[in-house]
Amino acid sequence: SAVISQKPSRDICQRGTSLTIQCQVDSQVTMMFWYRQQPGQSLTLIATANQGSEATYESGFVIDKFPISRPNLTFSTLTVSNMSPEDSSIYLCSVRGGLIRGSYNEQFFGPGTRLTVL
Amino acid sequence: TQLLEQSPQFLSIQEGENLTVYCNSSSVFSSLQWYRQEPGEGPVLLVTVVTGGEVKKLKRLTFQFGDARKDSSLHITAAQPGDTGLYLCAGGFRNSGGSNYKLTFGKGTLLTVNP
């Protein structure tokens, strides 16, 4: 597996502001993903972070709202822009492949960033 | 769209009881992964099953993948308070072009084991 860290672990933000979440992995990975988990719900994929190119967004998520960077094989950021209370969620970084590749293409998750928007 | 139905959504049992969580779909998956998530933490991978009919055991946890690779179950024997958490199943599939592998998550089963 991999050691995945996220910063910040939690934050409380005001409506209309932006927050950037960082994800750092201790090994080079092929794929990096960002998920959202709203209270009491399952995981929803926001986007796949592509190294050196624009992220691939899932239906319902757009780059202007959730800009993503991935400058190398171990690091990515997700920004939640112009926040509203509906953005209050846990945001999770997830990785797969590369040096952490298991036998079955397993996917691993960071500890999450708990965001509350007032 | 590949959908995974997970049941039950909530389960509260006493320590020592057995339980089974189900994960069903109309789609065929390349693999099926089970995760456990505790409050304030990210999901932790428990097991991956890839072969139809496969059974894997992890101490008191038994995981089964259906013959047609459309469903899976998680059985816990003699549950303990430490088993409390959100159990998530996730099916892996490739898109029609075969170039993109994605996970689809079930809604989760929130298990509470009371001492």
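Residues numbered from 1 in each chain as written. Chains lettered and ligands numbered in written order. Predicted model: local features only at pLDDT ≥ 70, side-chain atom pairs only at ≥ 80, totals over all residues. Heavy atoms only, no water.

### Brief notes about the sheet that holds strand β3 (residues 19-25) of chain A
Residues and elements named next belong to chain A.
Link 1 in the chain: Strand order in the open sheet made by the four strands is β1-β3-β8-β7, with antiparallel pairing throughout. The two strands at the open ends of the sheet, each matched to only one other strand, are β1 (4-7) and β7 (68-72). Strand-to-strand twist of the sheet, defined as the mean angle between neighbouring strand axes without regard to direction, takes the value 15°.
Link 2 in the chain: Alignment of β7 against strand β8 (residues 75-80), held across three bridges, turns out to be antiparallel. (Pairing = 2+ DSSP bridges. Helix = DSSP H or I, 4+ residues; strand = E, 2+ residues; numbered from the N terminus. Axes fitted to C-alpha atoms, helices over the stretch in contact; angles between N-to-C directions.)

### Quick look at the state of the cysteines
Two cysteines joined by a covalent bond between their sulfur atoms form a disulfide.
Link 1 in the chain: In total, this model carries two disulfides over all chains according to the counting rule given.
Link 2 in the chain: Across a sulfur-sulfur distance of 1.9 Å, Cys23 of chain A and Cys93 of chain A are joined as a disulfide pair. Across the S-S bond linking Cys23 of chain A and Cys93 of chain A, the dihedral sits near -65°, which makes this disulfide left-handed. One end of the pair, Cys23 of chain A, is in strand β3; the other, Cys93 of chain A, is in strand β9 (residues 89-96), with 70 residues separating them in the sequence.
Link 3 in the chain: By relative accessible area, Cys23 of chain A is classed as buried at 0%.
Link 4 in the chain: On the accessibility criterion, Cys93 of chain A (0% relative accessible area) is buried.
Link 5 in the chain: The residue that forms a disulfide with Cys23 of chain B is Cys89 of chain B, at a sulfur-sulfur distance of 2.0 Å. Taking the torsion about the S-S bond as the criterion, the Cys23 of chain B to Cys89 of chain B disulfide, at about 75°, is right-handed. Placement of Cys23 of chain B in strand β3 (residues 19-24) and of Cys89 of chain B in strand β9 (residues 85-94) is noted, with a sequence separation of 66 residues between them. (Disulfide = S-S within 2.5 Å. Buried < 20%, exposed > 50% of the residue type's maximum accessible area, 1.4 Å probe, protein only.)

### Regarding the pattern of salt bridges
Residues and elements named next belong to chain B.
Link 1 in the chain: This structure, assessed with the given rule, holds five salt bridges over all chains.
Link 2 in the chain: Among the salt bridges present, the one from Lys56 reaches Glu54, with a minimum N-O distance of 3.8 Å.
Link 3 in the chain: Since its relative accessible area comes to 23%, Lys56 is described here as partly exposed.
Link 4 in the chain: Residue Glu54 is classed as buried on the basis of its relative accessible area, which comes to 15%. (Salt bridge = Lys/Arg side-chain N within 4 Å of Asp/Glu carboxyl O.)

### Section: empty space enclosed by the protein
Link 1 in the chain: With the rule as written, the count across this model stands at one cavity of 30 Å³ or more.
Link 2 in the chain: Its boundaries defined by the atoms lining it, the largest cavity holds a volume of some 30 Å³.
Link 3 in the chain: If you trace the largest cavity, you find it lined by Phe33, Tyr35, Leu45, Arg96 and Gln107 of chain A together with Tyr101, Lys102 and Leu103 of chain B.
Link 4 in the chain: For the lining of the largest cavity, the elements supplying multiple residues, two or more each, are β4 (31-37) of chain A together with β10 (101-105) of chain B.
Link 5 in the chain: Considering each element in turn, the lining of the largest cavity owes the most residues, three residues, to β10 of chain B. (1 Å grid on protein atoms, 1.4 Å probe; cavity = no way out; pocket = protein on both sides within 12 Å on 5 of 7 lines; lining within 4 Å. Points joined across faces, edges and corners; volume = space filled by probe spheres on them.)

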